[in-house]
Amino acid sequence: MVIVNIAHHPLQTAPGESEILAPLLISRRRKRWHTPAAVMEAFLSEIPVDPRTADLRFIAPELVIEGLYWQTKTGTHWREIPASLPGKSTLFARRKLWMLDGVFERVMAKLMVEPGWDGYIDATFIEAKQPHPLRGWTKIGNGLKVQLVVRDDGRICALEVASANDAECIVAQRLLRKMRFLPARLGGDSAYDTLTLRELVNLLRSRLVTTRNWPSRKLSLDDMFERMRIKHARWVVERTNSWLKSFAAVKECYSRSPETYLAGLTFAVARYNTAAH
């Protein structure tokens, strides 16, 4: 028995068979994820004015953002882009131009929110399908590691993309040094309970609370309740990781350069940080 993906291989049907097979054709072309207004505004404010806007053949940046957002959300092949959106060559050229101009870095920095009283840190594994400079080998596969610092409402305060081989506590040191301010309390799992990271957090005028249990360490009643609260509230950062992976181009890395993956990740962060929580 041979199974053919009819979404990618069009069938040669008789004149009366297309109406019968139409409800059975499951294709991602039917799904349209329109770019939210807040995401569109965040990108348009950082895109420089192109002198070719007077040309009738010039494609508006709104349509390019719509096409890049659609491809990042669905993760489908470029040939499946709807006809109402710009073509593959236009999207490639405009994305490369924006990457060279630093548009995605500026948008990512603009979208980062200030930390609140409580914050949570965690990392998630991203499988790399193509050779990547940051690709690392682990027991669950080869890929990248995306580490987040989120507020108590789930919005992202800082983000770091690193190799999967790097320890989470090492990546956290690089990430926390880039932040202007830290939350008053930073919660993490047992992977972040290291002496070096605790000293760095204390130097940055914050406090690290982990879920690791030390039998030889005597804890007060307040410390026990605080650790219990952090343990039961870490679902916030887990939800953020799962929500970012709802973008197919972010869940699995098919790009060969860090800038290309960062461009897709910027759309996911923009959608989450600008949404109502």
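Criteria and cut-off values
Each residue is numbered by its place in its chain's sequence as written, counting from 1. Local features in a predicted model are, by the rule used here, given only for residues with pLDDT of at least 70; side-chain atom pairs are given and counted only at 80 or more, and totals for whole chains, interfaces and linings are based on all residues. Calculation of side-chain values draws on the structure's entire complement of heavy atoms; hydrogens and water are dropped beforehand. Any carboxyl oxygen of Asp or Glu that lies within 4 Å of a side-chain nitrogen of Lys or Arg is treated as forming a salt bridge with it. Starting at the N terminus, helices and strands are each numbered in turn, a helix being any DSSP run of H or I of at least four residues and a strand any DSSP run of E of at least two. Exposed residues in this analysis have more than 50% of their type's maximum accessible area, buried residues have under 20%, and partly exposed residues fall in between, with area computed by a 1.4 Å probe over protein chains only. Strands are treated as partners if at least two bridges between them are detected by DSSP. For crossovers, right-handed means that the path from the first strand over the helix to the second runs clockwise, given strands pointing away from the viewer.

Focus on the pattern of salt bridges
Note on pairing: side chains with opposite charge can pair once their charged atoms come close.
1) Next: Taken as a whole and judged by the stated rule, the model has 12 salt bridges.
2) Next: As a salt-bridge pair, Glu-127 and Lys-129 come within 3.2 Å of each other at their nearest N and O atoms.
3) Next: A salt bridge links Lys-178 to Glu-160, with the shortest nitrogen-to-oxygen separation between them at 2.7 Å. Pair noted here: Lys-178 is in helix H6 (residues 168-178) and Glu-160 is in strand S4 (residues 156-163), with a separation of 18 residues, a long-range link.
4) Next: A residue is classified by how much of its surface remains accessible, and Lys-178, at 59% relative accessible area, is exposed.
5) Next: Taking the relative accessible area as the measure of exposure, Glu-160 reaches 10% and is therefore buried.
6) Next: Sharing partners across several salt bridges, the network here consists of Asp-122, Asp-189, Arg-234 and Glu-238.

Focus on the pairing of strand S5 (residues 185-188)
1) Next: Side-chain alternation along S5 places Arg-185 and Gly-187 on one buried face and Leu-186 and Gly-188 on a second face that is also buried.
2) Next: Looking at chain direction, strand S1 (residues 118-128) and S5 are connected through 3 bridges and run parallel. Bridging across to S5, Gly-119 finds its partner in Leu-186.
3) Next: After leaving S5, the chain enters helix H7 (residues 195-203) and then returns to the sheet as strand S6 (residues 207-210), a path that is right-handed.

Overview of unusual backbone geometry
The general pattern is negative phi for most residues beyond glycine and trans for most peptide bonds.
1) Next: Even without a glycine there, the phi angle at Arg-205 is positive, about 65 degrees.
2) Next: Along the chain, Arg-205 turns up in the loop between H7 and S6.

A few points about the pairing of S1
1) Next: Within S1, 9 of the 11 residues are buried, which leaves the element mostly enclosed by the surrounding structure.
2) Next: Of the strand pairs in this sheet, S1 and strand S3 (residues 141-151) are connected by 9 bridges, and their pairing is antiparallel. Bridging across to S3, Ala-123 finds its partner in Gln-147.
3) Next: When S1 meets strand S7 (residues 252-253), the two strands line up parallel, connected through 2 bridges.

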